[in-house]
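Given next are the chains, with one letter for each unit.
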Amino acid sequence: MATLPQTIHLATPLPGPEARTLDERAGTALPRALTAAMPTFARRTDRGVLEDVDGNRLIDFGSGIAVTTVGGAAAPVVAAIQKQAENLTHTSFAVTRYAGYVEVAERLNALTPGSFPKKTALFNSGAEAVENAIKLARRYTGRQAVVCFDHAFHGRTSLTMGLTAKVAPYKGGFGPFAPELYRVPGSYPYRDGLDGEAAAERTISQIEKQVGASSVAAVIIEPIQGEGGFIVPAPGFLSALQRWCRDNGAVFIADEIQSGIARTGAWFACDHEGVVPDLVTTAKGLAGGMPLSAVTGSAEIMDSAEPGALGGTYCGNPLACAAALAALDMIEEHDLLERARAIGEAGIRLMEQWKAKDPRIGEVRGKGAMMALELVDPVSQKPDAALTAAVAQAARARGLILLTCGTYGNVIRLLPPVTMPDELFVEGMGILEQALRDQS
Ligand SMILES: Cc1ncc(COP(=O)(O)O)c(CNCCCC(=O)O)c1O
């Protein structure tokens, strides 16, 4: 298993010659709707480094959008996939079952919040998990209305586009979207100035007055909103929502696809507030880079669907299950929860120092290795998407894989693999700080 030096190395400008050739081929072969943050093509990954096709080594602050939390091509994950692939690549769990699926379900049933009997169903993508969580909530309650939130992202399938808030680039021209989806304001302390209780009162009032409590099948929320801007709700907001759902017979669904599986320094972002959802969706970091997603929750809700009502050809693929078991073992054996917390503390501390001297930084926020900078006009505090794009582009040109997000396009997000060495993380932060300075 080849390892990469955990240092940045720029042999060519980005994109280099091989990448430019591939880009031309991609322009001919692929639809223009497929875009990428980085102007190059990957060849290898190892911990915090991605090597591209021209031999450049880049610092990875993206983890493939919060997926390779344990590092790309992590040795234990690779070994588990190789071993599994020699014996079993696919049977379809709906045809002949296999132990790996059951083992992943048992792990998630034990790790997710709540001490009640739980069950898990596996799928392939995050959107697929969200779709099935909604199906189960509707089947269990016999109701149809689903409450979702401003700034939400839940996927790009038809139903999940309806749940997702931001129109561009996700939804334009793809409607009509599913009925019975109702969007309400959530908690965005930097922009609404509300504490958890006040934000929850506003949300619940809108649900009760404009949806009707008795028609709500589910309330679905990201405990930290990801694509919408790494928005950490005010303390108490999520638990107030959970109480309302319990009191009104609605299923509380925590979409932990981006915030879950050690990313925030806890197994789940809900853990930070002791919030216990009825259903949890997971994906991304679950299988160390392999496509796997899950719905985990109350056995009573999970068993509400008739035999045969859940499934799909590839759901819970054996290679993905083997990878997931190896990734979960890595998190436990190397205490990567603590590692995520340490990275978060170091990153937040650094960015707060920048903020003290730079009024363009409206807020520094996040938990664990899920951190963000919201960039604004220093006078009006209005979102500054142009500055955000310029900073990201400058950082990428210097070899830092960096992602942005936010409804207003003005949030820089940090999602490093938590197996990244400290000195490489600090070097990546230095590149980001310089890119900010260069845009003064
Ligand atoms: C909370 C939350 N729920 C659901 C999803 C959807 O997961 P899929 O595996 O991309 O379907 C996500 C995926 N987020 C990254 C999307 C990137 C893009 O599509 O450009 C998420 O963050």
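Residues numbered from 1 in each chain as written. Predicted model: local features only at pLDDT ≥ 70, side-chain atom pairs only at ≥ 80, totals over all residues. Heavy atoms only, no water.

1. Quick notes on the packing of aromatic side chains
In this structure the tally under the stated criterion is five aromatic pairs. Consider the rings of F149 and F237, whose centres lie 6.3 Å apart with planes at 80°: the pair is edge-to-face. Here F149 is found in strand β5 (residues 145-149), whereas its partner F237 is found in helix α9 (residues 237-248), with 88 residues between them in sequence. Taking relative accessible area as the criterion, F149 reaches 1% and is therefore assigned buried. (Phe/Tyr/Trp six-rings, centres within 6.5 Å; stacked < 30°, edge-to-face > 60°. Helix = DSSP H or I, 4+ residues; strand = E, 2+ residues; numbered from the N terminus. Buried < 20%, exposed > 50% of the residue type's maximum accessible area, 1.4 Å probe, protein only.)

2. What about the pattern of salt bridges?
All chains considered together, the criterion is met by 18 salt bridges. For R107, the salt bridge goes to D329, with nearest N and O atoms at 2.8 Å. Here D329 lies in helix α11 (residues 318-333) and R107 lies in helix α4 (residues 99-111), a separation of 222 residues in the sequence. Notably, a salt bridge pairs R341 with E338, separated by 3.1 Å at the nearest N-O pair. A residue pair is termed a helical-turn pair when its members lie 3 or 4 positions apart in one helix, as R341 and E338 do in helix α12 (residues 336-357) at three residues. (Salt bridge = Lys/Arg side-chain N within 4 Å of Asp/Glu carboxyl O.)

3. Topic: the packing of α4 against α11
Two elements in contact, α4 and α11, have axes whose closest approach is 8 Å; the angle formed by their N-to-C orientations is 35°. Once α4 is placed against α11, the crossing between them reads as left-handed. Contact residues: G100, Y101, E103, V104, R107 and L111 in α4; C321, A324, L325, L328, D329 and E332 in α11. For the contact of α4 with α11, the residue count by class is seven nonpolar, one polar and four charged. (Axes fitted to C-alpha atoms, helices over the stretch in contact; angles between N-to-C directions. Left-handed = near helix turned anticlockwise from the far one by under 90°. Contact = heavy atoms within 4.5 Å. Nonpolar A, V, L, I, M, F, W, Y, C, P; charged D, E, K, R; others polar.)

4. Things to note about the sheet that holds strand β12 (residues 370-375)
If you walk across this open sheet you meet the four strands as β11-β12-β15-β14, and the pairing is antiparallel. The open sheet has two edge strands, β11 (361-367) and β14 (403-405), and neither has a second partner. Across the sheet, the mean angle separating the axes of adjacent strands is 25° when strand polarity is ignored. Lying over the sheet, α12 contacts β11, β12 and β15 (411-414), oriented at roughly 170° with respect to β11. Contacts from helix α14 (residues 422-438) reach β11, β12 and β15, with the element oriented near 10° to β12. (Pairing = 2+ DSSP bridges.)

That's the geometry; what it means functionally is another story.
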